[in-house]
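Residue-level structural notes
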Amino acid sequence: MSSYILFLLLGLGSGAVYGMLALGLVLKHRSGGVVDFGHGAVAMFIAYVYLGLRQDGTLELPWLWLPHSIDLGGAFGTWPAILVSLVYAAVFGAILYVLIYRPLRGATALTRVCASVGTMLALQAIAVLNFGTTAKSTPAILPNKPFRIGDITVPVDRLWFAGIVVVLAILLGAVYRFTRFGLATRASAENEQGAALVGLNADRIALWNWVLATILAGVAGILIAPVSTVDPTSYTLFIVPALGCALLARFTSFGIAAGAGLVLGMLQSEITKLISVASWLPQEGLPQALPFVLIVLAMTLMSRGVGARGVVGELKNPSLGRPTRPWSTALMCFVLGTIALIVLSGSLRVAMTASICTVCMAMSLVVLTGYVGQVSLAQMSFAGIGAFEVTHLFGPGTPFIITLFCSALVAVPLGLLIGLPALRVRGVNLAVVTLAAAFALDALVFNNDKFSGGLAGRDVASPKFLGVDVGIAHGDAYPRVIFGVVALAIVCLVGVFVARLRNGAAGRMFIAVRSNERAASAIGIDVARTKLMAFGLSAFIAGLGGGLLAYQQQTVSSPSFATFASLSLLAVTYVAGVGRIAGAVVAGVMLSSTGLFVTALDKAFGVGKYQLLVAGVALTLTAIKQPDGIAATPPPPLVKLWHMIMSRWEGRSKGNNGNGAPSAPSAPSAPSAQPRVGSAPVKS
């Protein structure tokens with residue numbers, strides 16, 4: 001029994017981190033209405049700032065190329081390093097708020113999510129490039145002598161850390177309940193317009209709260225450094241359990257947020273102990289999956305507690321494209337893509353086939369996020385299920401079209417399961433659920449050696465179509481054009497399907513739900529069924545893309561479908577234009593890390609390692625300045641010429657009435673106003 005109690009107490013360290021990060025999340029939401037997905041990345045970066053000061057007296061700066069460190073003349077002591085790091089955190093938080101989050105106070109939930117995800121990706125990429133991926137440690141900060149409780153010996157720093165979190169929660173609760181500043185924060189959070197009428201400056205209040213929340217993130221990052229070594233990935237993903245704790249607190253209660261963090265850390269530690277004695281439990285990923293269960297329970301049972309705030313400003317969703325000639329456009333893309341596959345060779349041809357696969361996965365986001373407005377951070381998890389099922393279903397002799405189709409179908413139940421919380425929650429809350437789901441799937445499924453093959457991955461049998469080997473490799477021939485052409489044909493057909501879906505009755509239901517769920521329900525649309533249908537279709541399309549990627553890579557491994565891969569896919573698709581099929585094409589060809597454009601630039605200038613950084617910065621800037629994305633710009637001259645040719649050809653074929661004489665022109669119709677979807681115009 002003593003060992004179980006020991007593991008509970010050991011979990012106080014990680015639990016205190018979750019609780020302290022959750023306190024910052026509550027602060028940010030109460031003051032600015034933002035659920036900041038980049039909060040863990042900020043904690044990670046402040047931890048690196050502390051490490052630099054503590055080890056050799058260098059002050060790390062959040063950029064590349066320019067000198068990113070300043071020598072301050074030798075290593076700092078523990079407490080001077082902490083003080084300078086927290087001052088740095090205050091300035092850093094103020095800059096982030098002024099440059100990124102203040103311009104988004106009147107933005108949609110999707111736009112805010114994308115901006116914070118972009119910040120997360122950018123900070124994580126900067127940390128990887130500047131500090132590497134090797135975990136770093138630091139000397140103890142809090143007293144860490146062994147402490148005996150009966151027969152149990154536990155490091156005392158865990159108790160100190162937990163005590164600090166409890167004290168901070170009590171202080172914050174008192175400040176925001178009894179002080180003038182706390183009352184002003186609550187007033188501006190409830191109704192910004194009303195607060196402005198009584199002379200409160202909501203921007204200034206939000207700025208100070210943001211600074212305080214960033215300092216809390218810095219404290220969490222610094223104090224956990226001696227307990228858990230610092231690295232860019234694990235620190236950044238601390239945000240997932242912290243979000244679960246903040247959601248349990250309904251983004252209002254500091255005490256519940258801190259308590260939930262401590263309890264979650266203790267439960268995770270206890271599960272680690274149970275795994276060692278109970279062989280029937282999943283041996284990998286179970287402690288990491290616990291936050292997903294917590295988040296789902298919080299969102300499902302208490303979703304009404306996280307309400308909308310009174311905001312000033314007009315909400316603007318990304319505009320939607322309306323395909324006018326899907327078959328002719330698909331034909332043009334197939335012709336141009338085939339020419340590119342024939343002309344290119346070597347790594348560029350491989351990159352072109354990877355672009356084709358990414359286009360398919362990006363179209364799953366167009367359906368779900370663009371057309372229905374449901375924010376998903378788990379698309380690469382759907383793609384991963386499709387990819388790995390290619391290696392599990394059937395045998396090498398099965399036609400690959402059947403294997404590919406059935407593998408994509410396996411992803412549909414998962415999409416429906418993750419989509420169930422969407423029946424009660426939406427916007428940023430749904431993004432939290434899907435991020436937690438991606439995190440749990442990564443831990444439980446993709447890191448399971450029996451399913452994913454471990455570090456070696458799983459080999460994929462070469463695809464055959466009508467008895468002909470159409471794989472990307474055959475003997476010494478690699479990469480073959482035939483595989484790219486077959487994949488291109490499949491993706492073009494998927495594009496036609498998405499275009500017809502957009503223009504059909506289902507598309508109109510999707511857009512109605514995206515614009516206003518209550519109004520859609522009032523006119524007879526089954527909102528729940530529409531959302532689930534969108535999640536199922538999106539998972540199927542992502543599964544198709546994942547299956548094609550498996551055939552392209554020949555060996556499937558779990559890192560291709562990790563949590564950051566889903567975030568990166570959202571980044572490039574949103575930047576390209578999440579409301580348009582053309583945006584999916586731009587995302588796959590121009591912005592994907594393994595795509596044609598980035599590979600060509602990397603080959604010429606060696607810039608491929610900066611792709612995640614560029615994607616993160618571009619995502620944030622796009623959310624602030626141009627939510628419609630790159631694809632919303634006017635089409636290039638070649639596309640205009642093709643549309644003009646097809647329009648004239650269609651006009652000639654329709655202008656003949658069958659007797660060799662042209663048909664009489666129809667009467668002109670009355671002009672109509674430009675249709676709008678929500679508050680954003682529908683653009684062709």
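The model shown is predicted, which means the values in this text are computed figures rather than measured ones.

Attention now goes to the overall build of the protein chain. If you tally the helices and strands in the protein chain, you get 28 helices and 10 strands. Buried positions account for 55% of the 684 residues belonging to the protein chain.

Taken together, the side chains of Leu83, Val87, Val91, Ile95, Val98 and Leu99 define a hydrophobic patch exposed on the protein surface, amounting to about 540 Å² of accessible area. In this fold, Leu83 is placed in helix α4 (residues 78-101).

Further remarks concern the state of the cysteines. Following the criterion strictly, the structure yields 0 disulfides and no others. Cys360 forms no disulfide, and the closest cysteine sulfur to it belongs to Cys357, at a distance of 7.9 Å. Look at Cys360 and you get buried, because its relative accessible area is 0%.

Looking now at helix α27 (residues 611-625). A rise of 1.5 Å per residue sets the reference length of α27, with its 15 residues, at 21 Å; its end C-alpha atoms lie 20 Å apart and thus fit the reference within 8%. Residues of α27 that are buried include every one of Gln611, Leu613, Ala615, Gly616, Leu619, Thr620, Thr622 and Ala623, and no others. Buried residues along α27 sit against α4, α5 (109-131), α24 (563-577), α25 (581-591) and α26 (596-605).

By the element assignment, Val98 lies in helix α4. Classification of Val98 as partly exposed rests on a relative accessible area of 33%. Considering only alpha carbons, one finds Val98 and Trp210, 112 residues apart in sequence, at a separation of 9.9 Å. Discounting residues that sit within four places of it in the chain, Val98 has contacts with Pro103 and Leu207.

Let's shift gears to empty space enclosed by the protein. One pass over the structure, following the stated rule, counts 1 cavity of 30 Å³ or more. Approximately 50 Å³ is the volume found for the largest cavity. Lining the largest cavity we find Ala140, Ile141, Leu142, Asp157, Phe161, Leu223, Pro226 and Val227. In terms of residue class, the lining of the largest cavity is made up of 7 nonpolar, no polar and 1 charged.

It is worth spelling out the side chain of Gln611 at this point. In this structure, Gln611 sits in helix α27. Those residues within four positions of Gln611 in sequence are excluded, and the remaining contacts are Ser568, Val572, Leu591, Ser592, Ser593 and Val598.

With that settled, the discussion passes to the packing of aromatic side chains. What the rule picks out here adds up to 16 aromatic pairs. Judged by centre distance (6.1 Å) and plane angle (65°), the ring pair of Phe388 and Phe561 falls under edge-to-face. Of this pair, Phe388 sits in helix α16 (residues 379-392) while Phe561 is found in the loop between β8 (555-556) and α24, placing the two residues 173 residues apart along the sequence. The same class applies to Phe388 as to Phe561, namely buried. Cluster of aromatic residues (ring-pair linked, three or more members): Phe45, Tyr48, Tyr88, Phe92 and Phe131.

Here we take up the confidence of the model for the protein chain. Detailed reading of the predicted coordinates is not advisable wherever pLDDT falls low. Mean pLDDT over the protein chain: 85, with 88% of residues reaching 70 or higher. Taken together, the stretch residues 304-315 has pLDDT below 50 and engages in 31 contacts with residues farther than four places along the chain or on a different chain. In this model, residues 657-684 is a region of pLDDT below 50 whose contacts with residues beyond four sequence positions or in other chains number 42 contacts.

Quick look at α24 now. A rise of 1.5 Å per residue sets the reference length of α24, with its 15 residues, at 21 Å; its end C-alpha atoms lie 21 Å apart and thus fit the reference within 8%. For α24, a buried count of 15 out of 15 residues is recorded, marking the element as mostly surrounded by other parts of the structure.

Take the nonpolar core next. Soluble globular proteins: nonpolar side chains tend toward being buried together. Within the largest apolar cluster, 210 residues are counted, with the highest numbers of intra-cluster contacts made by Phe37, Phe161, Met363 and Phe561. Excluding its chain neighbours within four sequence positions, the residues that come into contact with Phe37 are Val113, Ser116, Val117, Met120, Ile239, Leu243, Leu377, Val428, Ala431, Val432 and Leu435.

What follows deals with the side chain of Thr358. Along the chain, Thr358 falls in helix α15 (residues 346-371). Filtering out sequence-adjacent residues up to four positions away, Thr358 remains in contact with Leu569, Gly588 and Ser592.

Right, let's talk about unusual backbone geometry for a bit. Omega for the peptide link from Tyr478 to Pro479 comes to -5°, which places this bond in the cis form. On the secondary structure map, Pro479 appears in the loop between β7 (468-469) and α20 (481-503). The phi angle at Arg250 is positive, at roughly 55°, despite the residue not being glycine. Within the secondary structure, Arg250 is located in the loop between α11 (239-248) and α12 (254-277). Positioned with a positive phi, Phe251 is a non-glycine residue whose angle comes to about 55°. With respect to the helices and strands, the residue Phe251 is situated in the loop between α11 and α12.

Before going further, it helps to spend a moment on the pairing of strand β4 (residues 152-155). What you see with β4 is a clean split: Ile152 and Val154 sit on the buried side and Thr153 and Pro155 on the side with no burial. Taken together, the 4 bridges between strand β3 (residues 146-149) and β4 define a ladder with antiparallel strand orientation. Paired with Pro146 across the bridge in β4 is Pro155. A loop of 2 residues connects β3 with β4, the two strands running antiparallel in sequence, and Gly150 in this loop sits at a positive phi of about 65°.

Time to look at the packing of α11 against α12. At a minimum axis separation of 8 Å, α11 and α12 run at an interaxial angle of 135°. Taken as axis vectors, α11 and α12 run oblique relative to one another. Note that α11 runs across α12; the crossing there is right-handed. Of the residues in α12, those touching α11 at Pro241, Cys245 and Leu248 are Ile256, Ala257, Ala260, Gly261 and Leu264.

Once that is clear, we can look at the pattern of salt bridges. Applying the stated rule across the entire model yields 4 salt bridges. In this structure, Asp469 and Arg480 form a salt bridge, with 3.7 Å as the shortest nitrogen-oxygen distance. Of this pair, Asp469 sits in strand β7 while Arg480 sits in the loop between β7 and α20; the two residues are 11 residues apart in sequence, bridging distant segments of the chain. Among the salt bridges present, the one from Glu517 reaches Lys531, with a minimum N-O distance of 2.9 Å. Of the two residues, Glu517 sits in helix α22 (residues 517-522) while Lys531 sits in helix α23 (residues 527-553), which places them 14 residues apart along the sequence. Here Lys531 falls in the buried class, since its relative accessible area comes to 2%.

The rules we used
- Residues numbered from 1 in each chain as written.
- Predicted model: local features only at pLDDT ≥ 70, side-chain atom pairs only at ≥ 80, totals over all residues.
- Heavy atoms only, no water.
- Helix = DSSP H or I, 4+ residues; strand = E, 2+ residues; numbered from the N terminus.
- Buried < 20%, exposed > 50% of the residue type's maximum accessible area, 1.4 Å probe, protein only.
- Patch = residues over 30% accessible without salt bridge, like charges linked within 9 Å, V, L, I, M, F, W, Y side chains within 5 Å.
- Areas by Shrake-Rupley, 256 points an atom, 1.4 Å probe, with all protein chains shown as cover.
- Salt bridge = Lys/Arg side-chain N within 4 Å of Asp/Glu carboxyl O.
- Disulfide = S-S within 2.5 Å.
- Expected span 1.5 Å × (residues − 1).
- Contact = heavy atoms within 4.5 Å.
- 1 Å grid on protein atoms, 1.4 Å probe; cavity = no way out; pocket = protein on both sides within 12 Å on 5 of 7 lines; lining within 4 Å.
- Points joined across faces, edges and corners; volume = space filled by probe spheres on them.
- Nonpolar A, V, L, I, M, F, W, Y, C, P; charged D, E, K, R; others polar.
- Phe/Tyr/Trp six-rings, centres within 6.5 Å; stacked < 30°, edge-to-face > 60°.
- pLDDT = per-residue confidence, 0-100.
- Core = buried A, V, L, I, M, F, W, Y, C linked by side-chain atoms within 4.5 Å.
- Pairing = 2+ DSSP bridges.
- Axes fitted to C-alpha atoms, helices over the stretch in contact; angles between N-to-C directions.
- Parallel < 35°, antiparallel > 145°, perpendicular 65-115°, else oblique.
- Left-handed = near helix turned anticlockwise from the far one by under 90°.

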